[in-house]
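# Per-entry structural report
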Amino acid sequence: MAKAKTVYSCSECGAQFPKWTGQCQDCGDWNTLQEEVAPSRPVASAANPKAARFEGFAPKADVQKLQQVSVKGTPRFGTGLNELDRVLGGGLVPGSVILLGGDPGIGKSTLILQSLALLSEQKSTLYVTGEESAEQVALRAQRLGVQDADLALLADNQLESILDIALEHKPEVLVMDSIQTLYTDTLQSAPGSVAQVRETASRLVRFGKQTKTIVILVGHVTKEGALAGPRVLEHMVDTVLYFEGEQNSTFRLIRAIKNRFGAVNEIGVFAMTDTGLKEVANPSAMFIKRTQEDATGSVVLVSQEGTRPLLVEVQSLVDQSSLANPRRVTVGLDNQRLAMLLAVVNRHAGFSLYDQDVFVNVIGGVKVHEPAADLAIVLSVLSSFKNRKLDSGLAVFGEVGLTGEIRPVQRGLDRIREVEKLGFTRLIMPKGNQSGIKSSKLEIIAVTTLDQAVRAAFE
Ligand code: TYD
Ligand code: MG
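The residue count restarts for each chain, going from 1 along the sequence in the order it is written. Chain letters start at A and ligand numbers start at 1, both assigned in the order the entries are written. Since the coordinates come from a predicted model, pLDDT governs what is reported: local features require at least 70, and pairs of side-chain atoms require 80 or more to be given and counted, while whole-chain, interface and lining totals use all residues. With hydrogens and water excluded, all non-hydrogen atoms of the structure serve as input to the side-chain values.

### Details of unusual backbone geometry
What you tend to see is this: most non-glycine residues have negative phi, and most peptide bonds are trans. Spelled out, the test is: In this text, helices come from DSSP runs of H or I with a minimum length of four residues, and strands from runs of E with a minimum of two, each type numbered from the N-terminal end. Note on exposure labels: buried denotes an accessible area under 20% of the residue type's maximum, exposed denotes more than 50%, and partly exposed covers the range between, all computed with a 1.4 Å probe on protein chains only.
Put simply, Asp-177 and Ser-178 share a cis peptide bond, and its omega is -5°. Note that Ser-178 resides in the loop between β7 (173–177) and α5 (194–211). For Lys-170, which is not glycine, the phi dihedral falls at a positive 45°. Looking at the secondary structure, you find Lys-170 in the loop between α4 (159–169) and β7. Take Lys-170: its relative accessible area is 62%, and that puts it in the exposed class. Unusually for a residue other than glycine, Asn-387 sits at a positive phi of about 55°. Mapped onto the fold, Asn-387 is located in the loop between α8 (374–386) and β17 (394–396).

Structure, rendered in structure tokens:
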């Protein structure tokens with residue numbers, strides 16, 4: 001027998017090298033190379049002759065002319081959960097492969113079980129669980145009140161046997177929970193290692209494409225926030241969904257990072273209750289529950305997630321620093337962006353915070369990654385720094401440019417309408433977003449410079 005070959009693969013990006021080095025030459029991360037046994041060429045073993053079809057010998061494809069490719073439109077069917085359908089771009093597409101990532105314990109298995117229970121009323125489904133026993137799943141189903149669902153369940157984590165059963169069972173939707181527990185006999189490394197994750201996922205993808213089965217892979221996320229195992233997983237699948245939220249908050253957001261069949265950045269919102277996840281159909285105000293009347297450092301930001309506005313509270317604390325390099329800490333926001341905004345504040349609003357620690361937090365575990373948050377961050381920081389609270393009926397949005405100008409942002413009108421609907425009284429926003437507003441109950445303060453915005457907020 002030939003000697004097994006060793007390769008070193010990066011646990012971050014999945015790149016492979018013949019020799020160990022301290023730094024991955026592909027993605028530049030340190031200490032991520034792990035020794036693994038190179039996959040042997042797959043053999044169509046006597047034990048699973050059928051599964052051998054998915055070992056890498058796909059039928060030969062023919063060259064076609066683009067205009068002759070028949071397109072029947074993308075037929076979709078709903079998952080039974082509207083919020084999940086929204087993120088998927090309208091439902092599941094046959095033959096598509098979806099990766100559902102998230103921290104352990106966030107509620108991935110709960111979401112899958114609830115959705116499959118509803119789906120199994122119309123479609124044949126197969127739920128493969130590698131983490132929990134069938135009893136555990138049944139127990140959870142009881143708690144969720146879906147114990148009578150016509151759902152096929154398989155507690156297994158060996159790829160070849162799962163593929164065999166799937167070929168026999170012919171489900172329309174196949175779920176693997178989780179990809180990190182799955183292993184194939186053709187590799188000797190442990191389940192969850194880069195090589196195993198990549199190999200098993202790619203064979204499930206191939207299975208899905210060839211049999212037109214919808215495959216949903218559940219994956220855990222590492223501490224750094226990347227999908228555990230290689231990022232290559234994200235390239236292999238059609239859709240990547242992240243399930244996020246704080247462990248101790250009841251709200252859960254599901255977000256599309258990549259979607260070959262729909263728009264990204266759409267979010268679905270759920271609340272985790274003791275009987276499972278409940279959809280939140282109108283989430284715009286759910287993160288705003290200001291109890292304190294005199295909170296300095298707190299500002300309501302009108303953010304936009306996908307096609308809908310979401311109002312969130314930005315809080316800051318600015319405090320005299322005892323460090324040579326004062327701290328700039330953000331939660332739910334971009335740290336670099338804060339540093340940039342503090343420089344703009346210094347130059348164009350005349351407040352220098354070089355000897356202050358600055359902490360900025362978005363309440364409720366929400367992550368905001370749009371420039372429209374800039375003005376809210378600045379006003380929140382200044383409110384804490386000046387120890388002046390802002391009007392409790394005030395909402396804010398707008399991008400801050402490096403020259404101290406306030407720039408217009410996307411979907412201004414939607415944001416204004418939402419602020420009005422939720423009963424705010426004042427809105428500070430970019431002048432560039434003002435066109436198209438007819439009459440408004442709001443006192444709209446349209447500004448072009450940071451200086452104007454600061455004066456309007458603290459007048
Ligand atoms: P789970 O779906 O097992 O998370 P994951 O698969 O992402 O690891 O979620 C487990 C958490 O959810 C656990 O901490 C308990 C909580 N939970 C509820 O609050 N209500 C419920 O009805 C269920 C089933 C779970
Ligand atoms: Mg789970």
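### As for the pattern of salt bridges
Short version of the rule: Salt bridge, as applied in this entry: a Lys or Arg side-chain nitrogen positioned within 4 Å of an Asp or Glu carboxyl oxygen.
Taken as a whole and judged by the stated rule, the model has 20 salt bridges. Here Arg-337 ties to Asp-374 by a salt bridge, and the two come within 2.7 Å at their closest N and O atoms. Of this pair, Arg-337 sits in helix α7 (residues 335–348) while Asp-374 sits in helix α8, and the two are 37 residues apart along the sequence. Residue Arg-337 is classed as partly exposed on the basis of its relative accessible area of 24%. A residue is classified by how much of its surface remains accessible, and Asp-374, at 1% relative accessible area, is buried. Of the charged contacts in the structure, one is a salt bridge between Asp-414 and Arg-417, with a shortest N-O distance of 3.5 Å. With Asp-414 and Arg-417 both in helix α9 (residues 412–421) and 3 residues apart, the pair spans about one turn of that helix. Judged by relative accessible area, Asp-414 falls into the partly exposed class, the value being 22%.

### Overview of the sheet that holds strand β10 (residues 251–259)
Our working rule: The pairing criterion is simple: DSSP has to find at least two bridges between the two strands. Structural elements are reduced to axes, namely lines fitted to C-alpha atoms, with helices fitted over the stretch in contact, and the angle between N-to-C directions of any two is expressed from 0 to 180 degrees.
Spatial strand order, β6-β5-β7-β8-β4-β9-β10-β11-β12: 9 strands in an open sheet with mixed pairing. Each edge of the open sheet carries a strand with a single partner, namely β6 (152–155) and β12 (276–279). For this sheet, the mean angle separating the axes of adjacent strands, direction not counted, is 25°. In this structure, strand β5 (residues 125–129) lies alongside β7, joined through 5 bridges in parallel fashion.

### Some remarks on the packing of aromatic side chains
Selection rule: Paired rings are identified among Phe, Tyr and Trp, the last through its six-membered ring, by centres lying within 6.5 Å, and are further divided according to the angle between planes into stacked (under 30 degrees), edge-to-face (over 60) and tilted (the rest). Definition used: whenever NZ (Lys) or CZ (Arg) falls within 6 Å of the ring centre and also within 35 degrees of the ring normal, the charge is taken to sit over that ring.
What the rule picks out here adds up to 2 aromatic pairs. Relative to Phe-270, the ring of Phe-243 lies with its centre 6.4 Å away and its plane at 80°, an arrangement referred to as edge-to-face. You can see Phe-243 sitting in strand β9 (residues 239–244) and its partner Phe-270 sitting in strand β11 (residues 267–273), a full 27 residues away along the chain. There is no split in this pair, since Phe-243 and Phe-270 are both buried. Plain terms: the ring middles of Phe-351 and Phe-385 are 6.3 Å apart, the flat faces sit at 80° to each other, and that makes the pair edge-to-face. Here Phe-385 lies in helix α8 and Phe-351 lies in the loop between α7 and β16 (356–362), a separation of 34 residues in the sequence. Phe-351 sits in the buried class, given a relative accessible area of 17%. Judged by its relative accessible area of 29%, Phe-385 falls in the partly exposed class. We note Lys-123 situated over the ring of Phe-77; from NZ or CZ to the ring centre the distance is 4.2 Å.

### Let's talk about the site of ligand 1
Using the following cut-off: We call a residue near a molecule or strand as soon as one heavy atom of that residue lies within 4 Å of the molecule or strand. Under this definition, polar contacts are N or O atom pairs within 3.5 Å; protein pairs additionally need one hydrogen-donor-capable and one acceptor-capable atom, and for neighbouring residues in sequence, both atoms have to be side-chain atoms. Exposure was quantified through the Shrake-Rupley algorithm and a 1.4 Å probe, taking into account, for residues, occlusion by the shown protein chains and nothing else. Just so you know the grouping, Ala, Val, Leu, Ile, Met, Phe, Trp, Tyr, Cys and Pro go in nonpolar, Asp, Glu, Lys and Arg go in charged, and all remaining residues, Gly too, go in polar.
Around ligand 1 there are 16 residues in total, and Gly-105, Lys-108, Ser-109, Thr-110 and Gly-276 lie nearest to it. Contact between ligand 1 and Thr-273: a nitrogen atom at 2.8 Å from a main-chain N or O atom of the residue. Contact distances for ligand 1 include 3.3 Å between an oxygen atom and a backbone N or O atom of Asp-274. Relative to its free-state accessible area of 560 Å², ligand 1 is covered by the protein chains to the extent of 75%. For the shell around ligand 1, the secondary structure elements donating two or more residues are α2 (108–119), α3 (134–144) and β11. A per-class count over the shell around ligand 1 returns 4 nonpolar, 7 polar and 5 charged.

### A few points about the domain arrangement of the chain
It is common to report an interface's size as the accessible area lost on association of the parts. To be explicit about the condition: What fixes the domain bounds is an automatic or database domain assignment.
For the chain, the assigned domains read domain 1 (1–41), domain 2 (83–281) and domain 3 (285–458). Using C-alpha coordinates to define each centre, domain 1 is positioned 46 Å away from domain 3.

### Concerning helix α10 (residues 450–458)
The line we're drawing: By definition in these notes, contact holds between two residues if any of their heavy atoms fall within 4.5 Å.
Looking only at α10, the buried set comprises Leu-450, Ala-453, Val-454, Ala-456, Ala-457 and Phe-458. On its buried face, α10 sits against α7, α8, β18 (399–400), β19 (406–407), β20 (426–430) and β21 (443–447).

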